[in-house]
Amino acid sequence: MSADAPFVPDAQATSILGRDRSRAWDEPRGVRRALRYALLVVIAAIVLFPIYTTVLAAFSPTERVLQRRLVPGDVTFDVIAKAWTEGRLARYLWNSLVVAVVVTVAQIVTALLSGYAFAHLRFPFRKGVFLVFLATLLVPFEATVVVNLDTVESLGNRAPWLGGVNTLQGLALPFLASAVGTFLVRQSLLALPSDLRDAARIDGISHLGYIRHVAIPLVRPTLGALGLFTFLSTWNQYLWPSQVVTDDDVHTVQSGLRLLGKSALNEPNLVMAGTVIAAVPIAVVLVVFQRQLVRGLTAGAVKG
């Protein structure tokens, strides 16, 4: 080989150098990936540990629960059956279901109407009224409990058909409309092409006709996510039912679990069993409507 000839490495040397270089780049990436997975496993264990202990206690005898053993032992369904009968969970689950469905449907309807009004109708002080709607989000619900309780009591005295204390109507009345729902639907309607509204106006379609035939099909993911979040939040309510209900027949499942805990101080597994039973409808709803939830959360995130 002459001194002036360029050095050309052979194929074997090139492949070895390429493997070494790729290995040098892949090893830190593999370490980072392993650390990331290890962190995710630790976080998942922390999140799932309370669920594991709850399910374990729900299917374990009282003696084993009091011993605080974390290893599964004798599995029994007697605790579930006892919690179902002594806790009157069938009645309380029905009350929670009725209230949650009524509140969910009402919030979807009111959000559609108010969101459409703020998006497409022209009326005086529209922006100011909308800002007032948004300002209500800054007020925590705990600050309005006393006022809502007085309102429900007065409505029950003047118009019993509207409800009152110790009624399912009183449980649902303060939550029939939501500023969050109005905001979400308004933003979804504003994201639609304005040509759709102009074409509907030219064809003589009314406002309700546009909402029914155009708006609802196009903003269905947003409505689905809103309905799911509303159902879950209403189902898990504890503060308001504990304030407005004193009759045992009108309690929801969350306040019913509180009563079950008071009556079974020496049997903590009964409360755990009641918690598992109360979580079953939530799990079913999430599994059935998970696709609608994902579509609602990702609506507008991807174009095209």
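What counts, and at which threshold
Residues numbered from 1 in each chain as written. Predicted model: local features only at pLDDT ≥ 70, side-chain atom pairs only at ≥ 80, totals over all residues. Heavy atoms only, no water. Helix = DSSP H or I, 4+ residues; strand = E, 2+ residues; numbered from the N terminus. Buried < 20%, exposed > 50% of the residue type's maximum accessible area, 1.4 Å probe, protein only. Contact = heavy atoms within 4.5 Å. Areas by Shrake-Rupley, 256 points an atom, 1.4 Å probe, with all protein chains shown as cover. Patch = residues over 30% accessible without salt bridge, like charges linked within 9 Å, V, L, I, M, F, W, Y side chains within 5 Å. Salt bridge = Lys/Arg side-chain N within 4 Å of Asp/Glu carboxyl O. Lys, Arg positive; Asp, Glu negative; His and termini not counted. Charge placed at Lys NZ, Arg CZ, Asp CG, Glu CD. Phe/Tyr/Trp six-rings, centres within 6.5 Å; stacked < 30°, edge-to-face > 60°. Lys NZ or Arg CZ within 6 Å of the ring centre and 35° of its normal. 1 Å grid on protein atoms, 1.4 Å probe; cavity = no way out; pocket = protein on both sides within 12 Å on 5 of 7 lines; lining within 4 Å. Points joined across faces, edges and corners; volume = space filled by probe spheres on them. Nonpolar A, V, L, I, M, F, W, Y, C, P; charged D, E, K, R; others polar. Axes fitted to C-alpha atoms, helices over the stretch in contact; angles between N-to-C directions. Parallel < 35°, antiparallel > 145°, perpendicular 65-115°, else oblique. Core = buried A, V, L, I, M, F, W, Y, C linked by side-chain atoms within 4.5 Å. Left-handed = near helix turned anticlockwise from the far one by under 90°.

(A) Structural view of the overall build of the protein. Scanning the protein from terminus to terminus reveals 15 helices and zero strands. Out of the 304 residues in the protein, the part that is buried amounts to 33%. In the protein, once contacts between residues fewer than 6 apart in sequence are set aside, the share between residues at least 24 apart is 69%. When the accessible area of the protein is evaluated, it comes to approximately 19300 Å², of which 66% is carbon and sulfur surface.

(B) Structural view of a positive patch on the surface. A surface patch of like charges, here positive, comprises Arg 29, Arg 32, Arg 33 and Arg 36. Along the chain, Arg 32 turns up in helix H1 (residues 11–58).

(C) Quick look at the packing of aromatic side chains. Under the definition given, this model contains 10 aromatic pairs. Three or more aromatic residues joined by ring pairs form one cluster here, namely Phe 118, Phe 123, Phe 130, Phe 133 and Phe 183. One residue, Arg 197, lies across the ring of Tyr 210, its end atom 5.0 Å from the ring centre.

(D) Representation of the layout of surface pockets in the model. The space that makes up the largest pocket amounts to roughly 850 Å³. If you go around the largest pocket, you meet 31 residues; those closest to its centre are Gln 107, Phe 175, Ala 177, Ser 178 and Ala 179. At the level of elements, helix H4 (89–120), helix H6 (145–158), helix H8 (179–190) and helix H11 (220–235) are the ones that each hand at least two residues to the lining of the largest pocket. Take the lining of the largest pocket: its biggest share by element is six residues, from H11. Here the lining of the largest pocket is built from residues that sort into 17 nonpolar, 14 polar and no charged.

(E) Molecular detail of the packing of helix H3 (residues 78–86) against helix H14 (residues 268–288). Between H3 and H14, the least distance of the axes is 8 Å, while the angle of their chain directions is 80°. Comparing the axis directions of H3 and H14 gives the class roughly perpendicular. Each of Val 79, Ile 80, Lys 82, Ala 83, Trp 84 and Glu 86 in H3 lies in contact with H14, whose residues at this interface are Asn 269, Leu 270, Ala 273, Gly 274 and Ile 277.

(F) Region of interest: the pattern of salt bridges. All told, the structure shown has three salt bridges when counted by the stated rule. For the salt bridge of Lys 82 with Glu 267, the shortest nitrogen-to-oxygen distance reads 2.8 Å. Taken together, the residues Lys 82 in helix H3 and Glu 267 in the loop between helix H13 (253–263) and H14 connect sequence positions 185 residues apart. With a relative accessible area of 29%, Lys 82 lands in the partly exposed category. The closest approach of N and O atoms between Asp 249 and Arg 88, which form a salt bridge, is 2.6 Å.

(G) Local environment of the nonpolar core. Core analysis: the largest hydrophobic core is formed by 23 residues, its most contacted members being Phe 231, Trp 235, Val 253 and Ala 273. Contributing elements (two or more residues each) for this core: H3, H4, H11, H13 and H14. Broken down by element, the residue count for this core peaks at seven residues, all from H14. When residues no more than four places from it in sequence are discounted, the contact partners of Trp 235 are Leu 93, Ser 96, Leu 97, Ala 100, Val 253, Gln 254, Ala 278, Pro 281 and Ile 282. In terms of nonpolar packing, the next biggest core, distinct from the first, is built from 15 residues, Ala 111, Leu 112, Leu 192 and Leu 223 among them.

(H) Quick peek at the packing of H4 against H8. Put simply, H4 and H8 touch, their axes get as near as 8 Å, and they point 50° apart. On the basis of the axis angle, H4 is oblique to H8. Note on packing geometry: the crossing formed by H4 with H8 is right-handed. Residues Ala 111, Leu 112, Ser 114, Gly 115, Tyr 116, Phe 118, Ala 119 and His 120 of H4 touch H8, and the partners they reach there are Gly 181, Thr 182, Val 185, Arg 186, Leu 189 and Leu 190. Of the residues in the contact of H4 with H8, the class split is eight nonpolar, five polar and one charged.

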